[in-house]
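Below are the chains, spelled out letter by letter.
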Amino acid sequence: MDSKKPGEIITDIPARTLIGGLRALSNKILHSAGRGDPNVEFLREVSAMLIDFFGCDEIELWLKAGGEPPRYEVMRRSGDEFSFEIIPSVQDDDSAAIADTTADSGLERLCRSVIQAAVDASLPFFTKQGSFWIGDAKNPALFSSVAEVPASLRRLNLKTEFSSLAIIPLLVGEEIIGALQLKSSQQYFFTEYELAFYEGFAQTLGVTLLNHRTRAALRERVKELTCLYGIARVAERPERSLDEILLSIAELLPPAWQYPEVTQGRIMLDGQSYATSGFRDGPHKQTAEILVGGEPRGIVEVVYTEEKPKLDEGPFLREERNLIQTVAREVALIIERRQTEEEKARLQEQLRHADRLATIGQLAAGVAHELNEPLGSILGFAQLTKKSRDLPRQAADDIERIEKASLHAREVVRKLMLFSRQMPPQKSKVNVNRIVEEGLYFLESRCAKEGIDVVRLLAPDLPDITADRSQLHQVLVNLVVNAIQAMPGGGTLRVTTRAEGEDHVAITVEDTGAGMSEDVVKQIFVPFFTTKDVTEGTGLGLPVVHGIVTSHGGSINVESEVGRGTRFEIRLPVAGPQDEQKNG
Ligand code: ADP
Ligand code: MG
């Protein structure tokens, strides 16, 4: 299009040519809209077509975007330079809307006024449809020469690098959805006559832009939902580990953001990182915190590895902020669910164990009872025989062996009975420190012989607990004997007591001995499990400890490392065992 000289009468472009050109432009834009590119990419293309067609120096396209208060999407192109951003709407008071005196915002405010239909179309410089246009904006005398121009407009300081300006509302139905700004440094670059045609074109443009944006937004929402659906499906698979799940979720992130090709996703949890393959940092990041039960445990992170136009939050959309937060919440829920499941499995295992012990206990009780009597006879008669004189030496030795073996067997039976709780706990106030002292008293000489240092760390302020004294004694002796047996070459035995809060007492027995493999640790509470020689171990020590501790309402914790040592910790409630069957 040719430019026009100031004052020239404007009829030089035949209507048919203008209409034809605008129709071709509309078709091109429609065609491009059909391809379904991301919104910004589409606008970039449209801006190139517009500037090419209008031949002006700069164009700006303003579109109302949703939200409260409404935002504006603003696209600007001058020459090859394209920019797009979402700007919040200022709370402008309509009367002051065009009274601003700063260079840029003057034009911006005028544009907002046009979009808000807050202009008086009867004023000079405005068309009947509400478009603003001026051909000599740099001329300060221009406004003042027109009498009807209100003071507010006269004070309007337009961006002076352009002489010709036009702001055309994009009218869709009854509503103005945005505005097209045309700017040229040439005077009277366009005319009121052309403007009438542009106003018609602006309606087509408005519908197309709106349509495209709606469809692009819809596609984004579908991507979001696909992502959330993917997460729900991944989380449903119980056979997958949490690590695998988090990795899969990280991979689901990029396709849900606007530019999947340059998007990386990462989940950080408890210092561990789960990232898309080939993850790298970039200039833009959107993150959301993972809160599990109110505790911050990590973040979900989406990274753009390239610069992208500025939108609501950096280059990210408001909807993407919502999405990343939803993803972080989903991740937190998955973790919570896993934790509850693990806890449940642990409790079930405990129950199974207790059940197994109880069954064995019943069996053992019967067997022990049956064996007790014959054992007593064997021992009694052996001891009697031992007393008789004139026994051949060999026979005396054999009798000695019989006595020892039956003493061992009696010990087994005693433990079996203890284990099957043939003897109910005798409750009384017990000082745990004293139990430790008494228990160690008998074993200290043995420790000294085997080169074992005994260290006591007994809390002076330990509250008395309600418990069965002799059973606690059993617990301590069993643990200490095990520790001693684990240190045949000497070492350190450390026994600690401490108060845990107001209502628990903890006892730890630690050694620097052989330690246990994971496999052994799993079986230590199983009756008759032993790694020791027949004469040394019965495999009943720890099951007895377990039985006593649980019947006192306490718990046992074991930590062990092969070659380094073992640590048993027992926690007992100060209140003592709760009566299980009050009414028989
Ligand atoms: P026993 O001592 O008669 O073998 P326990 O029930 O007391 O039976 O212990 C079971 C097994 O647990 C032992 O045989 C041993 O393998 C292992 N164990 C227990 N305490 C320790 C310890 N302090 N260090 C290394 N191993 C231990
Ligand atoms: Mg033992």
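Residues numbered from 1 in each chain as written. Chains lettered and ligands numbered in written order. Predicted model: local features only at pLDDT ≥ 70, side-chain atom pairs only at ≥ 80, totals over all residues. Heavy atoms only, no water.

Draft legend 1. Spotlight on the pattern of salt bridges. Summed over all chains, the structure comprises 32 salt bridges. Between Arg 456 and Glu 444 there is a salt bridge whose closest N-O contact spans 3.1 Å. Linking Arg 456 in strand β12 (residues 452–458) with Glu 444 in helix α10 (residues 432–449), this pair joins segments that are twelve residues apart in sequence. When its relative accessible area of 28% is taken as the criterion, Arg 456 is described as partly exposed. Of the charged contacts, one joins Arg 567 and Glu 559 as a salt bridge, the two residues approaching to 4.0 Å between their closest N and O atoms. Classification of Arg 567 as partly exposed rests on a relative accessible area of 23%. One network of salt bridges, in which partners are shared, links Arg 498, Glu 500, Glu 510, Glu 559, Arg 567, Glu 569 and Arg 571. (Salt bridge = Lys/Arg side-chain N within 4 Å of Asp/Glu carboxyl O. Helix = DSSP H or I, 4+ residues; strand = E, 2+ residues; numbered from the N terminus. Buried < 20%, exposed > 50% of the residue type's maximum accessible area, 1.4 Å probe, protein only.)

Draft legend 2. Layout of the sheet that holds strand β1 (residues 58–65). Overall, antiparallel pairing links the six strands, which are arranged β3-β2-β1-β6-β5-β4 in an open sheet. In this open sheet, the two edge strands, each paired with only one partner strand, are β3 (81–88) and β4 (132–134). The mean angle between the axes of side-by-side strands here comes to 15°, regardless of whether they run parallel or antiparallel. Of the strand pairs in this sheet, strand β2 (residues 71–78) and β3 are connected by eight bridges, and their pairing is antiparallel. Residue pairing across strands places Met 75 opposite Phe 84, the latter belonging to β3. Sheet strands in contact with helix α6 (residues 192–236) are β1, β2, β4, β5 (164–172) and β6 (175–184), and its direction is about 50° off that of β5. (Pairing = 2+ DSSP bridges. Axes fitted to C-alpha atoms, helices over the stretch in contact; angles between N-to-C directions. Contact = heavy atoms within 4.5 Å.)

Draft legend 3. Main features of the sheet that holds strand β9 (residues 284–292). Judged by pairing direction, the sheet is antiparallel, and its four strands sit side by side in the order β8-β7-β10-β9 without closing on themselves. Taken across any chain shown, the strands that pair with only one partner, and hence form the sheet edges, are β8 (272–275) and β9. This sheet shows a mean twist of 20° between the axes of neighbouring strands, independent of strand direction. As paired elements, strand β7 (residues 263–269) and β8 share four bridges and run antiparallel to each other. In the strand pairing of β8, Ile 267 is matched with Tyr 274.

Draft legend 4. View of the pairing of β9. As judged from the nine bridges shared by β9 and strand β10 (residues 295–304), these two strands associate in the antiparallel manner. Within β10, the position partnered with Leu 291 by the bridge is Pro 296. Counted along the chain from β9 to the antiparallel partner β10, the turn is two residues long, and its residue Gly 293 has a positive phi close to 55°.

Draft legend 5. Representation of the nonpolar core in the model. Counting 67 residues, the largest nonpolar core has Leu 50, Leu 182 and Leu 205 as its most contacted members. Per-element tally for this core: the top contributor is α6, with ten residues. Shared between two domains, this core holds at least three residues of each, these being domain 1 (15–216) and domain 2 (235–340). Ignoring sequence-local partners within four residues, the contact set of Leu 50 consists of Leu 25, Ile 29, Gly 55, Ile 59, Leu 180, Phe 201 and Leu 205. In terms of nonpolar packing, the next biggest core, distinct from the first, is built from 38 residues, Val 436, Ala 467, Leu 472 and Val 545 among them. (Core = buried A, V, L, I, M, F, W, Y, C linked by side-chain atoms within 4.5 Å. Domains from an automatic or database assignment.)

Draft legend 6. Spotlight on the packing of helix α1 (residues 15–33) against helix α2 (residues 39–54). Running from N to C, α1 and α2 cross one another at 165°; their axes reach a closest spacing of 10 Å. Regarding the angle of α1 to α2, the classification is roughly antiparallel. Handedness of the crossing formed by α1 with α2: right-handed. Packed against α1, whose contacting residues are Gly 21, Leu 22, Leu 25, Lys 28, Ile 29, Ser 32 and Ala 33, the element α2 presents Phe 42, Glu 45, Val 46, Met 49, Leu 50 and Phe 53 at the interface. Classifying every residue of the contact of α1 with α2 by side-chain character gives nine nonpolar, two polar and two charged. (Parallel < 35°, antiparallel > 145°, perpendicular 65-115°, else oblique. Left-handed = near helix turned anticlockwise from the far one by under 90°. Nonpolar A, V, L, I, M, F, W, Y, C, P; charged D, E, K, R; others polar.)

Draft legend 7. Here's a closer look at the confidence of the model for the chain. In the predicted model, the chain carries a mean pLDDT of 85, and the fraction of residues at 70 or more is 89%. Averaged over each element, pLDDT in the chain is lowest for helix α5 (residues 151–154) (56) and highest for strand β15 (residues 504–511) (97). Segment residues 1–9: pLDDT under 50, and 21 contacts once partners within four positions in sequence are set aside and those in other chains are kept. In the predicted structure, residues 92–103 sits below a pLDDT of 50 and forms 29 contacts with residues beyond four places in sequence or in another chain. (pLDDT = per-residue confidence, 0-100.)

Draft legend 8. The arrangement of the site of ligand 1 in detail. Ligand 1 sits among 19 residues. The nearest are Asp 511, Thr 530, Thr 531, Lys 532 and Leu 542. Taking Asn 482, its side chain carries an N or O atom lying 2.8 Å from an oxygen atom of ligand 1. At a separation of 2.8 Å, a nitrogen atom of ligand 1 approaches a polar side-chain atom of Asp 511. Coverage of ligand 1 by the protein amounts to 95% of the 520 Å² it exposes when considered alone. Breaking the shell around ligand 1 down by element, the ones donating at least two residues are α11 (469–485), α13 (541–551) and β17 (565–573). Considering every element that reaches the shell around ligand 1, the biggest residue donor is α13, with three residues. (Near = heavy atom within 4 Å. Polar contact = N/O pair within 3.5 Å; in protein donor to acceptor, adjacent residues only side chain to side chain. Areas by Shrake-Rupley, 256 points an atom, 1.4 Å probe, with all protein chains shown as cover.)

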